[in-house]
Amino acid sequence: MEAQPLLHEAFYPVASPRWLERHGMPASPRDLLDTVLLHDEFEPRIPEQISWEAWFAAQGVASGASLRPAAALRFSHSYLALDAAAAGQGVALASDVLARDALQRGELARAWPVDLPGPYRYHLLCQRGTQDRPAVAAFTQWLRAAADAFAGIAPLVRP
C-alpha cells in the first residue's frame, strides 16, 4: 500500500454563537475553566488523543488540580459534544474535521483562536502500481479536490 497524506487535524474550542454573545470571547485560555467544558470520552487505548488537559497544557495553563473546570459534561462521542455546544450547553474541544460543517452553517463558532495540531492525519491508501488506473486516478483527483476545498479550515498536507 502507498499512503498519500491529505489532511492534518487541528483542535480548538467551539461554542454556539449565542453562548459567545452571552459570555463573550474568553480573555485567556484559563477563562474557559470558569464555564462548562464539554468532553468526549476517548477510547482508552488511544492515549495520544487531544483532550482538554492537552489543549490547556499547550496554551500554557498548568495541569493537575489547578485544571478543574467550574463544571463539565461528558459524552460518548465527539458529535454529541459538538451538538451540546451548538445547543448552548458549554464549550467543546473540536476537531476541525468534525466541526467544519457546523462552523460553516453558523451553528458553532470558535471560542479561542489558537489551534492545537492533532496527532493524526487523514491519508488516501492505494495499492502500489494502481495509481494510473482510470477509476483510481479519478477517485484520487476527486478526493484531493475535496481536501483542497477543505483547506480553508483544515490545512492541506501535500506529500
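About the thresholds
Residues numbered from 1 in each chain as written. Predicted model: local features only at pLDDT ≥ 70, side-chain atom pairs only at ≥ 80, totals over all residues. Heavy atoms only, no water. Salt bridge = Lys/Arg side-chain N within 4 Å of Asp/Glu carboxyl O. Buried < 20%, exposed > 50% of the residue type's maximum accessible area, 1.4 Å probe, protein only. Core = buried A, V, L, I, M, F, W, Y, C linked by side-chain atoms within 4.5 Å. Helix = DSSP H or I, 4+ residues; strand = E, 2+ residues; numbered from the N terminus. Contact = heavy atoms within 4.5 Å.

With respect to the pattern of salt bridges
Part 1: Scanning the model with the defined rule gives three salt bridges in all.
Part 2: Between R105 and E107 there is a salt bridge, with its nearest N and O atoms 2.8 Å apart.
Part 3: You can call R105 exposed: its relative accessible area is 53%.
Part 4: Overall, E107 belongs to the partly exposed group, its relative accessible area being 35%.
Part 5: Across the salt bridge formed by R110 and D115, the nearest N and O atoms sit 2.5 Å from each other.

Remarks on the nonpolar core
Part 1: In terms of nonpolar packing, the biggest core is built from 17 residues, with L32, L37, W52, W55, F56 and V91 touching the most fellow members.
Part 2: Contributions of two or more residues to this core are made by β1 (2-15), α1 (17-23), α2 (52-58) and β4 (91-95).
Part 3: Among the elements that line this core, the one with the most residues is α2, at three residues.
Part 4: If sequence neighbours within four positions are ignored, V91 has contacts with P13, V14, A15, W19, L32, T35, V36, L37, L38, W52 and A111.
Part 5: Core analysis: the second largest hydrophobic core is formed by 14 residues, L38, F75, A99 and L108 among them.

Digging into helix α4 (residues 96-105)
Part 1: D96, A99, R100, A102 and L103 are the residues of α4 that are buried.
Part 2: If you follow the buried residues of α4, they end up packed against β1, α3 (78-86), β4, β5 (109-110) and α5 (134-150).
Part 3: At the C-terminal side of α4, G106 shows a positive phi close to 85°.

Notes on the environment of A62
Part 1: As for its placement among the helices and strands, A62 is situated in the loop between α2 and β3 (71-75).
Part 2: Assessed through its relative accessible area of 42%, A62 is described here as partly exposed.
Part 3: Put simply, A62 and R30 are 32 residues apart on the chain and 9.2 Å apart in space, counted from C-alpha to C-alpha.

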